[in-house]
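Each chain, letter by letter, is given below.
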Amino acid sequence: QVQLVESGGGLVQAGGSLRLSCTASVRTSNTYPRAWFRQAPGKEREFVAVISRSGGLTDYADPVKGRFTISRDNADNTVYLQMNSLKPEDTAVYYCAVDKRGRVSPLPGDYDYWGQGTQVTVSS
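These remarks concern the structure in this document. A quick note: this is a predicted structure, and the numbers were derived from the prediction, not measured.

Each value, and the rule that gives it
Residues numbered from 1 in each chain as written. Predicted model: local features only at pLDDT ≥ 70, side-chain atom pairs only at ≥ 80, totals over all residues. Heavy atoms only, no water. Helix = DSSP H or I, 4+ residues; strand = E, 2+ residues; numbered from the N terminus. Polar contact = N/O pair within 3.5 Å; in protein donor to acceptor, adjacent residues only side chain to side chain. Contact = heavy atoms within 4.5 Å. Buried < 20%, exposed > 50% of the residue type's maximum accessible area, 1.4 Å probe, protein only. Pairing = 2+ DSSP bridges. Axes fitted to C-alpha atoms, helices over the stretch in contact; angles between N-to-C directions. Core = buried A, V, L, I, M, F, W, Y, C linked by side-chain atoms within 4.5 Å. Salt bridge = Lys/Arg side-chain N within 4 Å of Asp/Glu carboxyl O.

### Comments concerning the side chain of Ser105
Within the secondary structure, Ser105 sits in the loop between strand 9 (92-98) and strand 10 (113-114). In this structure the side chain of Ser105 is engaged in a polar contact, spanning 3.0 Å, whose partner is the backbone nitrogen of Leu107. Only 2.6 Å separates the side chain of Ser105 from the side chain of Asp110, close enough to count as a polar contact. The contact partners of Ser105, leaving out residues within four places of it in the chain, are Phe37, Phe47, Val50, Asp110 and Tyr111.

Dropping the structure here:
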């Protein structure tokens, strides 16, 4: 199985920034694309951002548009999520995910491999 290792979460004041990273244990076509989801207490897991294998196609959930940026470094098999202007409502566990079929999708059910999650807490 593909292993995904996430890092970069933490505690930050509203308006601050964090940069999350996700590195896959293998470097093959079926490990792409890569996506970020998040889950807050009492809420379902929701889509945040996705990027194609080439990096040429990205998509974002409406609440994070203009504030978050997804990018990738294929040479290092790593995907990043730069989070700026953080708000308390961004507080959640953030998960990296891979669709081995190569789809670009906002649906959690389309993804096959998930990271362990990294906690992001934004205080007011």
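### A word on the pairing of strand 9
With 6 of its 7 residues buried, strand 9 lies for the most part within the structure. Where strand 4 (residues 34-39) lies against strand 9, 6 bridges are found, and the strand directions are antiparallel. Within the sheet, the bridge partner assigned to Arg38 lies in strand 9 and is Tyr94. Pairing between strand 9 and strand 11 (residues 118-123): 3 bridges, direction antiparallel. Paired with Tyr94 across the bridge in strand 11 is Thr118. Inspection of the sheet shows strand 9 paired to strand 10 by 2 bridges, in the antiparallel sense. Bridge pairing in strand 10 links Ala97 to Trp114.

### Things to note about the sheet that holds strand 1 (residues 4-7)
Here 4 strands make up an open sheet; going across it, the order is 1-3-8-7 and the pairing antiparallel. With one partner strand each, in any of the chains shown, strand 1 and strand 7 (68-73) form the two edges of the open sheet. Between one strand and the next, the sheet's axes are offset by a mean angle of 15°, whatever the strand orientation. In the sheet, strand 7 pairs with strand 8 (residues 78-83) via 6 bridges, with the strands oriented antiparallel. Opposite Thr69, over in strand 8, you have Gln82 as the bridge partner.

### As for the nonpolar core
Counting residues in each nonpolar core, the largest one holds 34 residues, and the members touching the most others are Trp36, Leu81, Met83 and Tyr94. Every element with two or more residues in this core is listed here: strand 3 (18-24), strand 4, strand 5 (46-51), strand 7, strand 8, strand 9 and strand 11. Beyond its immediate chain neighbours, meaning those up to four positions away, Leu81 contacts Leu18, Arg19, Leu20, Trp36, Val48, Ala49, Phe68, Thr69, Ile70 and Tyr94.

### Brief notes about the pattern of salt bridges
Evaluation of the coordinates by the stated rule reveals 7 salt bridges. In this structure, the salt-bridge partner of Arg38 is Glu46, at a minimum N-O distance of 2.7 Å. Residue classification places Arg38 among the buried positions, given a relative accessible area of 6%. On the basis of relative accessibility, which here comes to 28%, the residue Glu46 falls in the partly exposed class. Taking the shortest distance from any N to any O, the salt bridge between Arg67 and Asp90 comes out at 2.7 Å. With Arg67 in the loop between strand 6 (58-60) and strand 7 and Asp90 in the loop between strand 8 and strand 9, the pair connects residues that are 23 residues apart, well separated along the chain. When salt bridges with common partners are traced through the structure, they connect Arg38, Glu46, Arg67 and Asp90 into a single cluster.

### Observations concerning the environment of Val48
Of note, Val48 is situated in strand 5. The class of Val48 is buried, set by a relative accessible area of 0%. In this structure the C-alpha to C-alpha distance between Val48 and Ala61, which are 13 residues apart in sequence, comes to 5.1 Å. Dropping the residues within four chain positions of it, Val48 is found in contact with Trp36, Phe37, Arg38, Asp59, Tyr60, Ala61, Val64, Phe68, Leu81 and Tyr94.

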